[in-house]
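Residues per chain, in single letters:
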Amino acid sequence: MNYRDLEIWFIVGSQDLYGNETLKQVAEHARIMAEELNKDDLLPCRIVLKDVAKSPAGITKLFGEANTAESCAGIITWMHTFSPSKMWITGLNSNRKPILHLHTQFNQDIPWAGIDMDFMNLNQSAHGDREHGHIYARLGLSPKVVAGFWQDAAVRRRIGVWMRAAAARHDGMRSVVLRLGDNMREVAVTEGDKVEAQIQFGWQVNTWGIGDLAQLYQEVSDVQAEARIKEYEGRYELAPELRQAGPGRKAMLEQAKIEIALKGMLEREGAGAFTTTFQDLHGLPQLPGLACQTLMEQGYGFAGEGDWKQAMLVRAAKVMAQGLSGGVSFMEDYTYHFEPGKEAALGAHMLEVCPSIAVSKPRIEVHPLGIGNKADPARLVFDAAAGPAVLATIIDLGDRFRMIVNEVEAVKIEQPMPKLPVARALWKPLPNLYEAAESWIIAGGTHHSVYSAALGIEHFRDWAEMMGIEFVHIGRDTRPARLRDELRWAGAYWSRP
Ligand code: MN
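Presented here is an overview of the structure given in this document.

What counts and what doesn't
- Residues numbered from 1 in each chain as written.
- Predicted model: local features only at pLDDT ≥ 70, side-chain atom pairs only at ≥ 80, totals over all residues.
- Heavy atoms only, no water.
- Donors = N, O, S within 2.8 Å, 3.2 Å for Na, K, Ca; no water.
- Helix = DSSP H or I, 4+ residues; strand = E, 2+ residues; numbered from the N terminus.
- Buried < 20%, exposed > 50% of the residue type's maximum accessible area, 1.4 Å probe, protein only.
- Pairing = 2+ DSSP bridges.
- Contact = heavy atoms within 4.5 Å.
- Axes fitted to C-alpha atoms, helices over the stretch in contact; angles between N-to-C directions.
- Patch = residues over 30% accessible without salt bridge, like charges linked within 9 Å, V, L, I, M, F, W, Y side chains within 5 Å.
- Areas by Shrake-Rupley, 256 points an atom, 1.4 Å probe, with all protein chains shown as cover.
- Salt bridge = Lys/Arg side-chain N within 4 Å of Asp/Glu carboxyl O.
- Parallel < 35°, antiparallel > 145°, perpendicular 65-115°, else oblique.
- Left-handed = near helix turned anticlockwise from the far one by under 90°.
- Nonpolar A, V, L, I, M, F, W, Y, C, P; charged D, E, K, R; others polar.
- Phe/Tyr/Trp six-rings, centres within 6.5 Å; stacked < 30°, edge-to-face > 60°.
- Lys NZ or Arg CZ within 6 Å of the ring centre and 35° of its normal.

### A look at the coordination of the manganese ion
When four donors bind a metal tetrahedrally, each ideal donor-metal-donor angle is 109.5 degrees, and when six bind octahedrally, the ideal angles are 90 or 180 degrees.
1) Next: Ligation of the manganese ion by protein atoms is provided by E305 (OE), E332 (OE), H349 (NE2) and H448 (NE2), these donors lying 1.9 to 2.2 Å from the ion.
2) Next: The sequence motif formed by the donor residues of the manganese ion is E-x26-E-x16-H-x98-H. Note that E305 is positioned in the loop between β10 (301-303) and α12 (308-321) and H448 in strand β18 (residues 448-452), a separation of 143 residues in sequence. Exposure class is identical for E305 and H448. Each is buried.

Given below as structure tokens:
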């Protein structure tokens, strides 16, 4: 995906009342702002300036055009002057694109010596944007609101975060989750309403038989797989026994074939994400491990055991994180360390953790795997980098989707774990391990999640707002007893007619 292919329409509001001279200045200021914002890397999408909005008919037409513009991922509104907001009702009611209401003004300082009523009339976002904000509240809409001087990095960063969320929404509206097999038998949390998911997120969640993949796998030649291994050699370290012919090398070759076959399938179906399940591997020699890891690294969403909600969320996070450092991976809470003062959670999966979160060069190794009853799978082994990160998940509560996001601090793994040959991450959740775990469990969160050191709370919050789903933030100020009450109140909100 190329961010610059996505347009964010910049709609500056005013009205005819002020006369041509003022409106010309409004348009000129908007032009300068769009041009300057487009030069800043903090804003990944392309801002496209539209004509100054000054009449009900013009505003309605503009939103109609935005709705049908394929490349329009969102809209930024800003009222340079006063723009009576009854003019906006029909347009906003028809709108289907995410909106950011930018509350700013063209000048930073009040020109104390020269200020007169003409200046006041031209630069009155302080009251024009309040009139504009009122109509969102009145219509029950919740655009992102960003207040501050448009040249400040902090303001631009927040606009950029929202653009990334809008890009992920845009991608999801056109994306397919390719499910290979069904969900793991008897597991509740990986289930969900696939029709509702398409209505809410745009995701097309469909199933393909594992036999389709097994067939494609058979058709991949040794030559093709060896060429892929050459690329692995440039990118990863290989365990010594994998550098020469033998069972280890053969296992790696099989994973390369699975990767090539899977990628062909994903491209053919226009899929952005996929799931596998160890209970359905007929015709494949191993559980896809290395194959899933390298496909995630290329930007595909993935989750194990048929968890299509997390697969799609990994994809959304991959889109949001594009061009940022820190990585995004499928993750699973596995085991705790309860030593007083050093409490932490160890996250991993059977095999499938994305190397984009690795602290150093990952190593390909081949080891037995008890689950799945297949041959020893090749996988990438590494530790995740230390630093701030987030864990995010989506659950289906039957009447709605809920997103839960926990801020964590990933820590360096000090002790070697020579008998644990999988990629892993060690983190301390906020506010602390126990209260974070209690909160996550009270909220009904999965053992599966999306782990990202590239993204923060605001990315996921913006995305959830755009999708119209419940958002639960577990962080420094979260207390489980309070959260339990908040979730009950939220239940009343979400069950409204
Ligand atoms: Mn799992």
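### Some points on the sheet that holds strand β8 (residues 237-238)
1) Next: The sheet built from three strands is open, its strands ordered β8-β13-β14 with mixed pairing. Strands with a single pairing partner mark the edges of an open sheet, and in this sheet they are β8 and β14 (378-381).
2) Next: With four bridges connecting them, strand β13 (residues 363-366) and β14 associate as antiparallel partners. By the bridge assignment for β14, V366 is matched with A378.
3) Next: Contacts from helix α11 (residues 290-297) reach β13 and β14, with the element oriented near 50 degrees to β14.

### Regarding unusual backbone geometry
1) Next: With an omega of 5 degrees, the peptide bond running from L430 to P431 counts as cis.
2) Next: Tracing the chain through its elements places P431 in the loop between β17 (425-429) and α13 (433-442).
3) Next: The phi dihedral of E186 is positive, around 75 degrees, even though this residue is not glycine.
4) Next: Residue placement: E186 occurs in the loop between β6 (176-180) and α7 (194-201).

### Let's talk about a nonpolar patch on the surface
1) Next: Together, I110, W112, I115, M117 and M120 give the surface a local cluster of nonpolar side chains, amounting to about 550 Å² of exposed area.
2) Next: The topology assignment puts I110 in the loop between β4 (99-103) and α4 (117-122).

### So, the packing of helix α6 (residues 153-172) against α12
1) Next: Between α6 and α12, the least distance of the axes is 8 Å, while the angle of their chain directions is 135 degrees. When the axes of α6 and α12 are compared, the pair comes out oblique. The element α6 and its partner α12 pack so that their crossing is right-handed. For the pair formed by α6 and α12, the contact residues are R164, A165, A167, A168, D171 and G172 on the first element and M312, R315, A316, V319, M320 and A321 on the second.
2) Next: Here the residues of the contact of α6 with α12 sort into eight nonpolar, one polar and three charged.

### Section: the packing of aromatic side chains
1) Next: Tallied over the full model, the rule gives 15 aromatic pairs.
2) Next: A centroid spacing of 4.4 Å and a plane angle of 25 degrees characterise the contact between F201 and W203, whose relative ring orientation is stacked.
3) Next: On the basis of an interplanar angle of 85 degrees and a centroid distance of 5.6 Å, the ring pair of F302 and F330 is categorised as edge-to-face. Note that F302 is positioned in strand β10 and F330 in strand β11 (residues 328-337), a separation of 28 residues in sequence.
4) Next: Ring pairs connect the aromatic residues F201, W203, F401 and W463, which therefore count as one cluster.
5) Next: Sitting above the plane of the W9 ring, K50 keeps its charged end 3.8 Å from the centroid.
6) Next: We note K309 situated over the ring of W308; from NZ or CZ to the ring centre the distance is 5.2 Å.

### Looking at the sheet that holds strand β7 (residues 204-208)
1) Next: The sheet built from four strands is open, its strands ordered β7-β6-β9-β10 with parallel pairing. Single-partner strands in this sheet number two, and they are β7 and β10. Here the average twist between neighbouring strands, direction ignored, is 20 degrees.
2) Next: As paired strands, strand β9 (residues 271-275) and β10 are joined by three bridges and run parallel to one another. Counted as the bridge partner of F274 is F302 from β10.
3) Next: Of the strands in this sheet, β6, β7, β9 and β10 are in contact with α12, which crosses β10 at around 150 degrees.

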